[in-house]
Amino acid sequence: MLKKCWLWFGRLLGRLVLVVLVVGLVGGLAGALVDAVKYSGPVSTEEEVPLSEASDTRAIIADAISVVEQHRENTRLLRDAHAKAHGCVKAEVRVREDIDPALRHGVFGEPGRQWDAWMRLSNGNAYPQFDRVRDARGMALKLLDVPGEKLTRNPRHALEQDFVMFNHSAFFVRDVAEYRSNFAAQAEGKRVLAFFPEWDPRSWELRHLIIALKTLSPAPPSPMTTTYHSVAPFTLGPLNIKYRVVPAPENCPHYVLPEQNRDLPNFLRSALYRQLSLDRVPACFTLQVQRQNAEHYMPIEDTSIEWDEAISPFETVADVRVPPQDFDSPEQNLDCDNLAFNPWHALPEHRPIGGINRLRKAVYESVSAYRLERNGAGGR
């Protein structure tokens, strides 16, 4: 009798699993079909500002300052994101001699021109944690002594051109309204509500949850082996584009990084220090742009959508070289912490566009001014 019950239960369980698999497959195919219809071109080449964006932005600034206060380190306030730096290093950005004439705008206007720069490499979390923890990884570039009027009116950044990127090609929110609800949930420690704000399945953001999980990746062997994306779009003269920075070891002397102890809390800084300071070997990247093709679904206002490389491939505009150097000193680390990176520290030819970039302007400026004033750095 017991044997028959177990056999019956096994058959029932097997049927249930089969039903779940079939439903999941049908649901997945239906979702893919809906996405194929929903996320298809053409799209606008102009920005579209929602009426609620100003109030959403004010709420996000308040939450960001709250996060900064929560994650203070002793008496020092840290960034609300990308708080932990692996190092700020000197870099050289050289415009390609063969750059397409259509891309010769702003800092890329003169083939062969070299810009000195600062590069900040970081983890994404608002609280410094062990490098082995899954996290976003960031790169910020600050080109120096860049002439011309800038989009920011802050005289401290009058000679700077910044590029801010991280390690995934799409963002886990589409716009400012979604960022507000997502960030508020995370600031309150309610991470589940960030992607499942209500019981109504229509409000669930499963696709964005998958993007977030892909972004929170295992640590790379070194910050120098990661590809970094702008995610949000920019102008490049008359064009709408996205940026990325790709490792280019073929442009540098051959180098094999020794195995790092991944149990150490700061092994990514150690990897950077080993290559640049001990072994004295440079690191190389290429800076690339991807043009918007508005006949296809490459939207400006939805940063959760990756622009299709098969339709619009990336084009290299500059080479980035990080020379051997000593960077891990208390003085340089403090200077690194006081540097403010903002995509709006830019020439008009590199204007940030789209809701997430408009949000960045307000949040970065407000939080940076608040944090640096409280730290006595005077807003560098």
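Residues numbered from 1 in each chain as written. Predicted model: local features only at pLDDT ≥ 70, side-chain atom pairs only at ≥ 80, totals over all residues. Heavy atoms only, no water.

A. Molecular detail of the state of the cysteines. Under the criterion given, the structure shown has two disulfides. Covalent S-S linkage joins Cys 88 and Cys 336, the inter-sulfur distance amounting to 2.0 Å. Judged by the torsion about the S-S bond (60 degrees), the Cys 88/Cys 336 disulfide is right-handed. One end of the pair, Cys 88, is in strand E1 (residues 85-95); the other, Cys 336, is in helix H7 (residues 330-338), with 248 residues separating them in the sequence. Cys 88 sits in the buried class, given a relative accessible area of 2%. The class of Cys 336 is buried, set by a relative accessible area of 4%. What pairs with Cys 252 in a disulfide is Cys 284, and their sulfur atoms sit 1.9 Å apart. Disulfide Cys 252-Cys 284: torsion about the S-S bond near 70 degrees, hence right-handed. Highlighted residues: Cys 252 in the loop between strand E7 (239-247) and helix H6 (267-278) and Cys 284 in strand E8 (residues 283-291), separated in sequence by 32 residues. In this pair, the class of Cys 252 matches that of Cys 284, namely buried. (Disulfide = S-S within 2.5 Å. Helix = DSSP H or I, 4+ residues; strand = E, 2+ residues; numbered from the N terminus. Buried < 20%, exposed > 50% of the residue type's maximum accessible area, 1.4 Å probe, protein only.)

B. The nonpolar core, seen in detail. Phe 108, Met 119, Met 139, Tyr 243 and Val 322 are the most contacted members of the largest nonpolar core, which totals 37 residues. Other than its neighbours up to four places away in sequence, Phe 108 contacts Val 95, Ile 99, Leu 103, Phe 163, Leu 236, Tyr 243, Leu 287, Val 317, Ala 318 and His 350. (Core = buried A, V, L, I, M, F, W, Y, C linked by side-chain atoms within 4.5 Å. Contact = heavy atoms within 4.5 Å.)

C. Structural detail: unusual backbone geometry. Of note, the phi angle at Asp 145 is positive, near 55 degrees, even though the residue is not glycine. Examined against the element boundaries, Asp 145 turns out to sit in the loop between strand E3 (137-143) and strand E4 (161-166). The class of Asp 145 is exposed, set by a relative accessible area of 56%. The backbone of Val 231 shows a phi angle near 65 degrees, a positive value even though the residue is not glycine. With respect to the element layout, Val 231 can be found in the loop between strand E5 (228-229) and strand E6 (234-236).

D. Broad picture of the packing of aromatic side chains. For the structure shown, the criterion picks out ten aromatic pairs. The interplanar angle of 80 degrees and the centroid separation of 5.5 Å between the aromatic rings of Phe 196 and Trp 204 together place this pair among those described as edge-to-face. Residue class for Trp 204 comes out partly exposed when judged on its relative accessible area of 33%. Taken together through their ring pairs, the aromatic side chains of Phe 166, Phe 171, Phe 172, Tyr 179 and Phe 195 make up a single cluster. Over the face of the ring belonging to Phe 341 we find Lys 142, whose NZ or CZ atom lies 4.8 Å from the ring centre. (Phe/Tyr/Trp six-rings, centres within 6.5 Å; stacked < 30°, edge-to-face > 60°. Lys NZ or Arg CZ within 6 Å of the ring centre and 35° of its normal.)

E. Fine view of empty space enclosed by the protein. A complete count under the given rule lists two cavities of 30 Å³ or more for this structure. One number sums up the size of the largest cavity: a volume of about 80 Å³. Lining the largest cavity we find Ser 169, His 229, Ser 230, Val 231, Lys 242, Tyr 243, Gln 290, Glu 306, Trp 307, Glu 309 and Phe 314. Its residues placed into classes, the lining of the largest cavity shows four nonpolar, four polar and three charged. Estimated volume of the second largest cavity: approximately 30 Å³. Taken together, His 86, Ser 122, Asn 123, Arg 137, Gly 138, Pro 220, Pro 223, Thr 226, Tyr 228 and Leu 268 make up the full set of residues lining the second largest cavity. Of all the secondary-structure elements, those providing two or more residues to the lining of the second largest cavity are strand E2 (114-123) and E3. (1 Å grid on protein atoms, 1.4 Å probe; cavity = no way out; pocket = protein on both sides within 12 Å on 5 of 7 lines; lining within 4 Å. Points joined across faces, edges and corners; volume = space filled by probe spheres on them. Nonpolar A, V, L, I, M, F, W, Y, C, P; charged D, E, K, R; others polar.)

Function-wise, these values are silent; they only describe arrangement.
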